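# Overview (structure and organization)
Now for the letters of each chain:
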Amino acid sequence: MKGFTSRKAPYFFIAPAIILLLVFSLLPIFVALFISFTNMDLAGLADYSNLSFIGFKNYINVLSDPVFLKAIFNTLFYVIIGVPLVIVTSLGVALLINLGTSKIFKVFRVVYYLPSVTNVVAVAVVWTYLYNPAFGLFNYILESMNLSAIPWLTDPTVAKLSLILMALWRAVGLNMIIFIAALQGIPKSYYEAAQLDGANTWQQVTKITIPMLKFAIFFVSITTMIGWLQFFEEPFIMTKGGPLDGTMSAALFIYKNGFQLSNFGYAAAGSFILFIAVIAVTLVQYRVQAKESDY
Amino acid sequence: MRKKTAATVLASTLLVMGILSGCGSKSAETTDNSGNKVTTISVWGMGEEAKSLPKMAELFEAENPNIKVEVQALPWDSAHDKLLTAVASKKGPDVVQMGTTWIPEFANAKALMDLTPYLDKYPGLKQDNFYPGSVQTGTFEGAYVGVPWYIDTRVLYYRTDLLKEVGYDQAPKTWAEMQDAAKKLADRGQGKYGFALDVKEQSLSFMLARQNGSELFDAAGKPLFNQPAFVDTVKYMNSFVENGSAPVDLGIDAIQGFRGDGVAPMFISGPWMVQLIKDQAPDIDGKWATAVLPAGKDNNFSSLGGSNMSVFQYTKNAEASLKFVEFMAKPETQLKWMELTKSLPSSKEAWNNPVLQEDANYKVFGEQLKTAIPMPSTKQFEEIAQNFLSSFEKVYRTKGADVQKEMDDFNKKAESIINK
C-alpha cells in the first residue's frame, strides 16, 4: 500500500504543471491547427454551423500576401541584428561588472536590471516620446549639437533599428543576470592555474570564461531568438507596424488579422507558419550545440 | 493514505473549478433585504465617456428600484478583443455600447438582438424618434440591432485670427478655397502648415470622395475606388502633402498644432474636440471657430458616426436590458448625457433644446448633421478602410506616386475582400 502511493506520488506532484501545459499550451496549438484549415471569422465563432473547411487556402493566401512576406522579412531583420546584439552586449556588461570589485558594481547590476522589470507598455510609451520628431529628447540633443534630426520612427528602416535599440535596452538586464550567475559558477582554481602559467586577463576571458559560459550562451541565444521571432509589444505600441508596414512583425501581422479584422482562420495559418519556424530554429540550434563536446 | 490523496485531489479540483466559475457571468437575480426580486444587468461602455455612465445608471436605478446596473468601462483599444471573447463564450454583457462601425460585424455574427419585436412594448426605441442617418447605422440587413445613443459628425475647425491674416474672413467654402487657404497659411514660414490632414483617419477619404461625387460602391456592391471621382479625391488629399500645406510625421497632435502660433490652424474632427480645445488650449479662446465642411464637386456631406446601444443576443435579462436602453434613448437622458460628456444627442426632440439651438458650435454640428451620411454598413468595410490607409500611405510617402495605379491595386484588393 505504502509502496503504491510512493510510486504514484511523483505524478501528483507534476500533475498541476502537466494539466496547465495541456490546457493552456498544447490544446490551443491543436485548436489553432484546426482553425487554420477553416474560414473561421466572427460569424463562425458565434455559430459553428457557419464554419467550413477550406483546406490549405489560408496557407496559400497568407504566403502570397505581400504584407506577410514583409512581416517575415522584418522579423528576420529583428532576429539577425537583435539577437547577436543582445548576446554581445549583455555578455560584455556581465563580464565587466563581474571583473569589478567595488560596491558601485553591485549598484549597477540593479541599474541594468531595472528596464527588464519595468512594464513594457510604460517603457514603449516613454520611448515614443523620446523618439518624437518634434519634441523628442533624442532629436533635441542632435539638433543642439548641430547634427541633423533622425527620422526615428518615420522611416521604415530607421524605425526597425529604433525598435531594436529599445528592445536591446530592455533585454540586457535579464540576460546579464543569467551570465553573471554562470560566471560565478566557474571554479576559481582554473583562473589560479592560468595565472600561474602567466595568462593575462584577456587570455583568461577568451580561453576560460567564454568556453565555460557555452551553455549559458546557448540558453540565452535560444530564449532571445524565440523572443525576437515573436517580437510584438514594441511595434504594437510604438508604430502599429508602420510606416509602410516597415516595422510589422509576424506576430503583429497575426494579431492584426485575427483580433482587429476577425479573420481567425487566416491568422491561425500565419501563426502556424511562425510556430513551425520557431520549432525549426530551436531544433537547428540544439543540433549545433549537441555536436560540440561538453567540458 | 490513498483516500487522503484522493480527497486532496478532489478538494483542489473543486477549488480550481470554483475559481474558474467565479469568472463567469454575474448577471443573475438576487433578492434584496425587503424580499423583492432584484435583477442585475451588466452594461459595457467604452472610452472616456463610459466613466460618466455610472451616473446615468444611478438615475436609472432610482426610477427602477428592482434593477441594478453594473457598468464596466472598457478602453476603445481593447473593447473589440473583449467583445470577441464575449461572442465566443456566449457570455458577456446584457447591454453593450456599439461604435457604429462595429455594428455590421457583430450583427452579422448574430451577437446583437433584433429589437423589432419589442418596439410596441418599448415605444421609446422606435426609429422615428431619431435622426434617420443614425438609425441607419443601427440597422443591419433589415434587423434593428442598435438604438441610436449619441452621434458625431465631422466639421472643420479653424483659427479665425490666422485665417483673417491670409485674407479669409470666413471659413473656406469650397475645396478650392480650402486648398488656397491651406497653402497661404503654410507660406507663413518654415515649420508652419495650413491643414492637419489626418492620414490615419479611416472615414475621411470616403467622406471626401462622396463630396466629389463618388458612390463608393455600385448597386451590385462592386467597389468604385479606381473611378475618377475617387481617384481625384485621393489626388486632392495628396496635394496638401505635396505642396507642404499638410504636415507628415510632425509628431504633435491636433490641439498642439492648433494652439499658440498655430502650426496647423485647420483640421477636420468631431464634436469631442470642442471641449478638448477649451480645456487644453485656453490661450486661443475666442480665436477659433467651427464651420460646416467645404463643398466638393457635389456637396459638403459629412460622415455620421457615434455610438449605439445594443442588447447582447445571449442576455438572460432581455426585459431589464430593454428598459435600460429605452431610458438612455429618452431626450431628457440624452441631454443630461450631453451635459456630462459633450456628446451630441441622437434624439430629434433633444435638438429642440435651447442649448443646442443657441451655441455657435452646436449650431454648426446641427447644420452638418442634417445631411450627414454614415459609412457603408457592410461587414467588410472595416477591412477595406484599413487597406485604403496603407494604399494612401504609399501615395503620400512616395514622391510622384502613380495615384491611378495605387487605386487600381486598392480596388482589386477591395474586390477580393468582398468576394472572400
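Residues numbered from 1 in each chain as written. Chains lettered and ligands numbered in written order. Predicted model: local features only at pLDDT ≥ 70, side-chain atom pairs only at ≥ 80, totals over all residues. Heavy atoms only, no water.

### Quick notes on the overall build of chain A
- Broken down by element type, chain A carries 14 helices and 0 strands.
- If you list the helices and strands of chain A from N to C, you get α-α-α-α-α-α-α-α-α-α-α-α-α-α.
- Counting the 295 residues in chain A, one finds 40% classified as buried.
- Looking at chain A alone, contacts between residues at least 24 apart form 67% of all its contacts between residues at least 6 apart.
- Looking at chain A as shown, the accessible area adds up to about 16,600 Å², and 72% of this sits on carbon and sulfur atoms. (Helix = DSSP H or I, 4+ residues; strand = E, 2+ residues; numbered from the N terminus. Buried < 20%, exposed > 50% of the residue type's maximum accessible area, 1.4 Å probe, protein only. Contact = heavy atoms within 4.5 Å. Areas by Shrake-Rupley, 256 points an atom, 1.4 Å probe, with all protein chains shown as cover.)

### Some points on the interface of chain A and chain B
- Taken together, the contact pairs 24 residues of chain A with 28 residues of chain B.
- For the pairing of chain A and chain B, the buried interface totals around 2,200 Å² over both sides, and the portion due to carbon and sulfur atoms is 62%.
- Sorting the residues of chain A by area buried against chain B places Leu42(A), Ala46(A) and Leu244(A) first, and these three jointly supply 24% of that buried surface.
- Seen at the junction of chain A and chain B, the total is 5 residue pairs in polar contact (both at pLDDT 80 or more).
- For the side of chain A that touches chain B, the secondary structure elements donating two or more residues are helix H1 (2-35), helix H2 (42-46) and helix H13 (250-260) of chain A.
- Among the residues making up the side of chain A that touches chain B, the classes are represented as 16 nonpolar, 7 polar and 1 charged. (Buried area = accessible area lost by both parts, 1.4 Å probe. Polar contact = N/O pair within 3.5 Å; in protein donor to acceptor, adjacent residues only side chain to side chain. Nonpolar A, V, L, I, M, F, W, Y, C, P; charged D, E, K, R; others polar.)

### Looking at the packing of helix H8 (residues 202-211) of chain B against helix H16 (residues 381-397) of chain B
Residues and elements named next belong to chain B.
- As a packed pair, H8 and H16 sit with axes 9 Å apart at the nearest point and diverge in direction by 90°. With respect to H16, the axis of H8 lies roughly perpendicular. Judged by residue contacts, Gln202, Ser205 and Phe206 of H8 engage Phe381, Glu382, Ala385, Gln386, Phe388 and Leu389 from H16.
- Classifying every residue of the contact of H8 with H16 by side-chain character gives 5 nonpolar, 3 polar and 1 charged. (Axes fitted to C-alpha atoms, helices over the stretch in contact; angles between N-to-C directions. Parallel < 35°, antiparallel > 145°, perpendicular 65-115°, else oblique.)

### Quick notes on the packing of aromatic side chains
- Following the criterion strictly, the structure yields 50 aromatic pairs over all chains and no others.
- An aromatic cluster is built from Phe206(B), Phe217(B), Phe225(B), Phe230(B), Phe381(B), Phe388(B), Phe392(B), Tyr396(B) and Phe410(B), whose rings are joined through pairwise contacts.
- Across from the ring centre of Phe236(A), 5.3 Å away, lies the NZ or CZ of Lys240(A), which sits over that ring. (Phe/Tyr/Trp six-rings, centres within 6.5 Å; stacked < 30°, edge-to-face > 60°. Lys NZ or Arg CZ within 6 Å of the ring centre and 35° of its normal.)

### Some points on the sheet that holds strand S8 (residues 155-159) of chain B
Residue and element names in this part refer to chain B.
- Here we have 4 strands laid out as an open sheet, ordered S9-S10-S8-S11, and mixed in their pairing. Looking at the sheet topology across the chains shown, the edges are occupied by strand S9 (195-196) and strand S11 (288-291).
- As paired elements, S9 and strand S10 (residues 266-269) share 2 bridges and run parallel to each other. The residue bridging alanine 196 from the neighbouring strand is phenylalanine 267, located in S10.
- Along the sheet face, helix H7 (residues 175-186) touches S8, S9 and S10 and points at about 130° away from the line of S10. (Pairing = 2+ DSSP bridges.)

### Considerations on the side chain of Ser221(A)
Residues and elements named next belong to chain A.
- Along the chain, the position of serine 221 falls in helix H11 (residues 214-229).
- Note on serine 221: relative accessible area 11%, which makes it buried.
- Not counting residues within four places of it along the chain, the set of residues in contact with serine 221 comprises Val83, Ile87 and Gln285.

### A short note on the layout of surface pockets
- Looking at the second largest pocket, its volume works out to about 920 Å³.
- No other element matches the 8 residues that helix H14 (residues 264-291) of chain A contributes to the lining of the second largest pocket. (1 Å grid on protein atoms, 1.4 Å probe; cavity = no way out; pocket = protein on both sides within 12 Å on 5 of 7 lines; lining within 4 Å. Points joined across faces, edges and corners; volume = space filled by probe spheres on them.)

### Re the nonpolar core
- Residues Leu197(B), Phe206(B), Phe225(B), Phe230(B), Met266(B), Phe388(B) and Phe392(B) are the most contacted members of the largest nonpolar core, which totals 50 residues.
- Here the element with the most residues in this core is H16(B); it accounts for 8 residues.
- Leaving out residues up to four positions away in the same chain, Phe392(B) has contacts with Leu197(B), Val199(B), Val234(B), Met237(B) and Asn238(B).
- Listed in part, the 43 residues of the second largest apolar core include Val83(A), Tyr131(A), Leu213(A) and Met225(A). (Core = buried A, V, L, I, M, F, W, Y, C linked by side-chain atoms within 4.5 Å.)

### Some details on empty space enclosed by the protein
Residues and elements named next belong to chain B.
- Using the criterion set out here, one finds 2 cavities of 30 Å³ or more in the structure.
- Computed from the structure, the largest cavity encloses a volume of approximately 80 Å³.
- Looking at the largest cavity, the residues that line it are Trp175, Met178, Phe195, Leu197, Leu208, Gln211, Tyr236, Phe240, Ile268, Leu293 and Pro294.
- Listed by contribution, the elements that provide at least two residues to the lining of the largest cavity are H7, H8 and helix H9 (228-242).
- Each pocket or cavity is described by its volume, and for the second largest cavity that value is around 40 Å³.
- If you trace the second largest cavity, you find it lined by Phe195, Ala196, Leu197, Asp198, Glu201, Leu204 and Ile268.

### A word on the packing of helix H9 (residues 188-196) of chain A against helix H10 (residues 201-212) of chain A
All names here are of chain A.
- Viewed as axis vectors pointing N to C, H9 and H10 meet at an angle of 160°, and their least axial separation amounts to 11 Å. Taken together, the axis directions place H9 and H10 in an arrangement best described as roughly antiparallel. Between H9 and H10 lies a crossing of right-handed hand. From H9, Tyr190, Tyr191, Ala194 and Gln195 reach across to H10, where they touch Gln204, Ile208, Thr209 and Met212.
- Each residue belonging to the contact of H9 with H10 can be placed in one class, and the counts come to 5 nonpolar, 3 polar and no charged. (Left-handed = near helix turned anticlockwise from the far one by under 90°.)

### Examining the confidence of the model for chain B
Residue and element names in this part refer to chain B.
- Within chain B, residue pLDDT values average 83, and 91% of them lie at 70 or more.
- The element-level mean pLDDT for chain B is lowest in helix H1 (residues 2-22), coming to 45, with S8 highest at 91.
- Of the regions scoring below 50 in pLDDT, residues 1-27 engages in 11 contacts with residues more than four places distant in sequence or in other chains.
- Of the two predicted TM-score estimates for the complex, the pTM is 0.79 and the ipTM is 0.73. (pLDDT = per-residue confidence, 0-100.)

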